[in-house]
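Observations on the model geometry
Below, each chain spelled out in residue letters.
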Amino acid sequence: MVDSVEKAPNAELDWDRIEEKWRKRWTDDKLFETDPQSHKRKYFLTVAYPYPNSPQHVGHGRTYTLADVHARYKRMNNYNVLFPMGFHYTGTPIVSMSQRIKSNDLELIQTFQQIYKIPDDIISNFKEPKKIASYFHQEIKQGMNEMGYSIDWRREFTTIDKGYSKFISWQFRNLKKNGLIVQGSHPVGWCPQDQNPVSQHDTVGDIEPDLIEYVLVKFKFEDQYVVPTATLRPETIFGVTNLWINPDIKYVIAQVSNEKWIITKEAARKMEFLNASVTLISEINGSDLIGKSVFDEQRKQQVPIFPASFVDPNNGTGIVMSVPAHAPYDYQALVDLRKDDNTLRKYNITGNVVPIKIIQTDAYPSNESSAAETIVTSYSIRDQNDPKLEEATNKLYSDEFHNGKVLPDIDEIGNLSVIEARETIKAKIISQGIGTTMYELKNAVKCRCGTTCVVKLLTNQWFINYGDENWKKLAYELIDKMEILPEEIRQEFTNVIDWLKERACARKSGMGTKLPWDNEWIIESLADSVIYMAYYLLSRHISNNQDLQNNEDKVLADNLNDNFFDYVLLGKNDPDIVAKESKISIQLLEKIKNEFVYFYPVDSRHSGRDLVPNHLAFFIFNHAAIFPKDKWPKQIVVNGSVLMEGKKMSKSLGNIIPLRHAIEEYGADSIRLTMLASAEILQDSDFSFDLVKGIRAKLFEIYRNINAHLDVFRVQSSLDVDLEDVWISSRLQNVIMDTTSAIEKFRIREALHNILYLMDNDLEWYEKRKLAKNKSIFNSYLKEFIETRIKLLSPFAPYFCEEVWEIMGNDSYVSLVQWPESSQSKITLKSEDNERLIQSIIFDIQKITKVTKMVPKKISIYTASSIKCTLYRKILDRIQRQATPNFGQIMKEFVNDNEVKDLVKRNPDLVKKIIDDILSESVNVRERRMKIDSFDEKIPLEDGKSLLVSEVGNNQLELYIYSEDDNNKYDPKQKSKFARPYKPAIYIE
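Residues numbered from 1 in each chain as written. Predicted model: local features only at pLDDT ≥ 70, side-chain atom pairs only at ≥ 80, totals over all residues. Heavy atoms only, no water.

**Side note on the overall build of the protein**
- The helix and strand tally for the protein stands at 35 helices and 31 strands.
- With respect to the principal axes defined by its C-alpha atoms, the protein has extents near 110 × 85 × 55 Å.
- Each of the 989 residues in the protein was classed as buried or not, and the buried ones make up 57%.
- Here the contacts in the protein between residues at least 6 apart in sequence split such that 76% fall between residues at least 24 apart.
- Summing over all exposed atoms, the protein offers an accessible surface of approximately 42600 Å²; the carbon and sulfur share of this is 46%.
- Taken as two groups, the 129 positive and 141 negative side-chain charges of the protein have centres that lie 2 Å from each other. (Helix = DSSP H or I, 4+ residues; strand = E, 2+ residues; numbered from the N terminus. Buried < 20%, exposed > 50% of the residue type's maximum accessible area, 1.4 Å probe, protein only. Contact = heavy atoms within 4.5 Å. Areas by Shrake-Rupley, 256 points an atom, 1.4 Å probe, with all protein chains shown as cover. Lys, Arg positive; Asp, Glu negative; His and termini not counted. Charge placed at Lys NZ, Arg CZ, Asp CG, Glu CD.)

Structure follows, in structure tokens:
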């Protein structure tokens, strides 16, 4: 917990005072309130609005902080940035929470008391759902302000505001008019306690209910019973060798409609929710069925029943049809059974069934061992309880599904693809009455009320038909035009669009908007939260308060109708009629419409990866259905989650840290940087307080360094220009380019590494070079370096940077200054090699003296001859043109090159060494050196003499620098012949 961590002693920075000071100034000057400005490019950025059923913890902060960094970065790039926020009250979780408070649920009450430190008198008010939402709404908003988020709060709304409900009603009437909302019977995740469909927002841990459709293949037992087996692969019925039953569990005989089924009790309950008429008749031990047979009505043959411990009563019907040629679990269970003499004798069975191959792929051809045997062997599976079986099964099923083809001698489906065969057999056995379907949840899901969820087949339920093929085409078109960051997650979006079908969009309880044409239903939370970004542009002009009906700057929510939204959002209808119906002036109507036209579409939408299969997909679909193409969103940015010291955050682990508590202890900027610096965007960020303290110490180090160099902000441009000045200026341009590029691609960790650490290294080297020359560091180059660093850091650590920017003597807000732009005129290619050469010579000398334990009195450095430099450039050019150099070919080429052939023949090893030298460098270094016409290594080495002497640690040291071409060089040991370009030779005495 935060309370147990010692506070870092950075006494010179009063973080609380700094944060409060800049928050007040930003608010007083309305810094982040954004209105249309025709002369500026707009940038409309949104992030998933929060659900106010608890305070935000540090895990929530990553998505919002990334969005704020993006907003601040764009603002500094001269965009008119709008970053608004609302609050999502809709749904059942808050209602469920209030009911738990009413029932005196100790677990929930203790969570509020112990983790979130909420006073008892506040908790007592939580019996009313709106009071829960209102309390946490303000708590979250305060946390966002304390984090320094640059939000325009004038546009704030909740999803139970009257104006918002009018907006959502308009959305739903549009969908229904376009035939995209249907009523029918469809399976949904369901809470038996609340009697409501459930989606991600309604479940503990925000888990999206994932439905599986099984095909039940019916086998006959003793002519009067049906033994249904649940399978995802009905096409494999032709490969069934036996059934599996768990001998250690009880099954039931149940009347299911007009048949008597043998299934588990759990399966019987599931069938009831699927609207089957189920009556339990009696129980039967699984062991009593082992050794008996069932009749396969598809192939007209008997199939034995064998025992298997892997059969789970909670999965399917608790009975499995065995296809050992293509199912790793089935194959391994047969292997185990054949080894178990006791079981074979007990049930009087042999287990000597032969796997029947029916599918072939390139990976598992039909003329070799079965696919299941092959993959089980490759995974070194021990037995049927080996956890690796699940991975092996998923791999084989995927390969056969995508690449499999049924063998030609299989009746009815021979030569069909697995996909075609699956649909063919499914349709056939269902039509013949020897098969049906069954749904269950793929994942264990609990409603927020604590009840385990099931799948229910709802009748007369309202659904959004995401399976509509024409709608899917529009969604594909939208996503193809959209930028998705990071790009590697694009396939996840495509996959979701592929499989999305009907989705329940209303329920009978909870908070939210009533279904416009059927007021018994309330629109659910993942249906009313997909185009709300448009409402941000209207919200500040809408009054939900009847008492403000005389306010000429607002439109009263009661006066809103579909014509208003059609005109403002879609440009339809006569404005005079709309203004009259809405009881507002034509000027106000046009102002609202123009604001929407200016800011829409959404330029960037930020969200967590967990929302790709639902919210973000629905966001795409609904925009495609309702808005014209020029109003389709332009970008989605997706980030991973946050771990706490390597572990998922959970109450049971005691590692949930409320965001405001962390801010109070360590300051917002330290928290912001820690969230962003530990991982790239799609990776899970590993948050730890050791890292927070390290980041905070780094900020203090930067602060202290700037305070030590305040005189630099009073200097004018420097008259003297040394090599290191040219280098630091050139390096700065590269840092600007690299950091800007990283932010544009949302490689945030890389950007922060440049700002916090690489710039430190550059500054340290620059100071070292100046100190060795006894020259002042207080110059325009250092001034530009420090100012640029604070600008680059500003989107990430806004409080710190505003404070430092002011200390540096600036009157402006650093949040609004121009983002640094690199200047090509200041980039000097040779400067990088100048300083690298000095650094490498220092390293080599120190390495030699350490090994030899010498105290140098005299050092001679020899740079490579001009003909070696010519050879180096020729080899570099050859390598740049041929990615994989061949030593023999290069030798053959240069031994016939009139310019260098004498050197190559005289010293063939030199070619190999130069090739190795070049390949050891990065591609960027090679490209840079190709652009340099010539490089005189003596110039930087002579310039760095004073530093070389000081680094050796002997002020009396004699240091000489020669070229290998010098006729009068001092070279008693012939060391100069070992010099290579960028690798001078060294002789120490």
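**Description of the environment of Ile118**
- When you line up the elements, Ile118 lands in the loop between α4 (106-115) and α5 (120-123).
- Of the residues examined, Ile118 reaches a relative accessible area of 3% and is grouped as buried.
- Sequence separation of Ile118 and Thr436 is 318 residues, and the distance between their C-alpha atoms is 52 Å.
- For Ile118, the residues in contact, after removing those within four places along its chain, are Phe112, Gln113, Ile123, Phe126, Tyr135 and Phe136.

**Side note on the sheet that holds strand β24 (residues 604-608)**
- An order of β2-β1-β24-β25-β18 is seen for the five strands of this open sheet, with the pairing classed as parallel. With one partner strand each, in any of the chains shown, β2 (80-82) and β18 (483-485) form the two edges of the open sheet. Pairs of neighbouring strands in the sheet enclose a mean axial angle of 20 degrees, with direction left out of account.
- Looking at chain direction, strand β1 (residues 42-47) and β2 are connected through three bridges and run parallel. Across the sheet, Phe44 pairs through a bridge with Leu82, a residue of β2. (Pairing = 2+ DSSP bridges. Axes fitted to C-alpha atoms, helices over the stretch in contact; angles between N-to-C directions.)

**Overview of helix α11 (residues 371-378)**
- Regarding α11, the residues found buried are Ala371, Ala372, Ile375 and Val376. Down the axis of α11, the smallest arc covering the buried residues is 125 degrees, so these residues share one side. Exposed residues on α11 whose side chains face more than 90 degrees from its buried face are Thr377 and Ser378.
- Those residues of α11 that are buried are in contact with α9 (328-339) and α12 (388-403).
- Once α11 finishes, Ser380 follows within two positions and takes phi at roughly 55 degrees, a positive value. (Arc of directions from axis to C-beta.)

**Some thoughts on the sheet that holds strand β3 (residues 181-191)**
- Strand order in this open sheet of four strands is β4-β3-β17-β19, and the pairing throughout is antiparallel. Sheet topology places β4 (196-197) and β19 (502-504) at the edges, where each strand pairs with a single neighbour.
- Direction of pairing for β3 relative to strand β17 (residues 454-465): antiparallel, over a ladder of nine bridges. Bridge assignment links His186 to a residue of β17, and that residue is Leu458.

Interpretation note: all reported values are geometric properties and have no functional meaning in isolation.
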